[in-house]
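# A structural walkthrough
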Amino acid sequence: MVVGAERAELRYAREPVGSVRATPEAIVGAVQRARERLAARSRGPDELLPALVAGYGAVLARRGGRVGDRVPLVELRAELAGTRAQFAWDVARLRRERRLVVGGRRIDLGVAAGHAAERRSRVVWIENDGGGGSYFEWFRLIGQEARS
């Protein structure tokens with residue numbers, strides 16, 4: 001959240017999701033409404049995982065890649081449409097619900113290294129349960145080892 005003299009900008013995953021008057025009451029209400037809106041629009045794992053697989057396949061095909069290759073997370077996000085904040089919410093939900101395996105393959109998110117994190121157009125901030133998070137730049141699906 002960024003609070004100015006007159007307005008407060010609400011953010012999720014470092015993306016704007018609303019703005020209100022800069023009063024405590026208005027901010028509290030707006031935060032609650034923003035969270036409810038993100039939750040209501042969230043794609044559950046059973047819907048999101050197949051969409052991620054299809055989007056990953058489309059990005060790989062466009063780039064001439066193979067399954068297991070890394071693709072830019074922002075390109076995958078563009079394939080799925082929706083806002084950056086909603087995409088970050090939905091991926092964070094997958095992590096919270098420990099639903100990172102689909103079709104025998106595991107989702108692998110690559111952390112943005114070095115100066116990549118400074119280029120917002122190339123990264124997505126994914127929040128963790130503790131309120132922190134990391135910028136991620138890459139996505140891939142890798143084989144899931146069978147447990148004995």
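It should be noted that the structure appears before, not after, this text.
Chains are numbered independently. Their residues run from 1 in the order of the written sequence. Reporting of local features is limited, given that this is a predicted model, to residues whose pLDDT is at least 70; pairs of side-chain atoms are given and counted only at 80 or more, and all residues count toward the totals for whole chains, interfaces and linings. In computing side-chain properties, one takes all heavy atoms of the structure into account and sets aside hydrogens as well as water.

## Structural notes on the packing of aromatic side chains
Counted only if it meets this: Aromatic rings from Phe, Tyr and Trp, taking only the six-membered ring of Trp, are treated as a pair when their centres fall within 6.5 Å; an angle between ring planes under 30 degrees marks them as stacked, one over 60 as edge-to-face, and anything in between as tilted. Secondary structure elements follow DSSP: runs of H or I of four or more residues count as helices, runs of E of two or more count as strands, with numbering from the N terminus. With a 1.4 Å probe rolled over the protein chains alone, any residue whose accessible area is under 20% of its type maximum counts as buried; one over 50% counts as exposed, and the rest are partly exposed.
A full pass over the atoms with the stated rule returns three aromatic pairs. Arranged with centres 5.4 Å apart and planes meeting at 65°, the rings of Y56 and F139 form a pair that is edge-to-face. Here F139 lies in strand β8 (residues 133-143) and Y56 lies in helix α2 (residues 45-63), a separation of 83 residues in the sequence. For the pair shown, Y56 and F139 are each scored as buried. Centre to centre, the rings of W125 and Y135 are 4.9 Å apart; their planes meet at 75°, and the pair counts as edge-to-face. One end of the pair, W125, is in strand β7 (residues 124-127); the other, Y135, is in strand β8, and 10 residues separate them in sequence.

## Details of the pattern of salt bridges
Here is the rule: Should a side-chain nitrogen of Lys or Arg be within 4 Å of a carboxyl oxygen of Asp or Glu, the pair is scored as a salt bridge.
As enumerated under the stated definition, the model contains 11 salt bridges in all. With its nearest N and O atoms 2.7 Å apart, the salt bridge here joins R11 to E9. For R11, a relative accessible area of 40% puts it in the partly exposed group. Close ionic contact of R120 with E15 constitutes a salt bridge, the shortest N to O distance being 2.4 Å. With R120 in the loop between β6 (105-111) and β7 and E15 in strand β3 (residues 15-21), the pair connects residues that are 105 residues apart, well separated along the chain. When its relative accessible area of 46% is taken as the criterion, R120 is described as partly exposed. When salt bridges with common partners are traced through the structure, they connect R62, R63, E75 and E79 into a single cluster.

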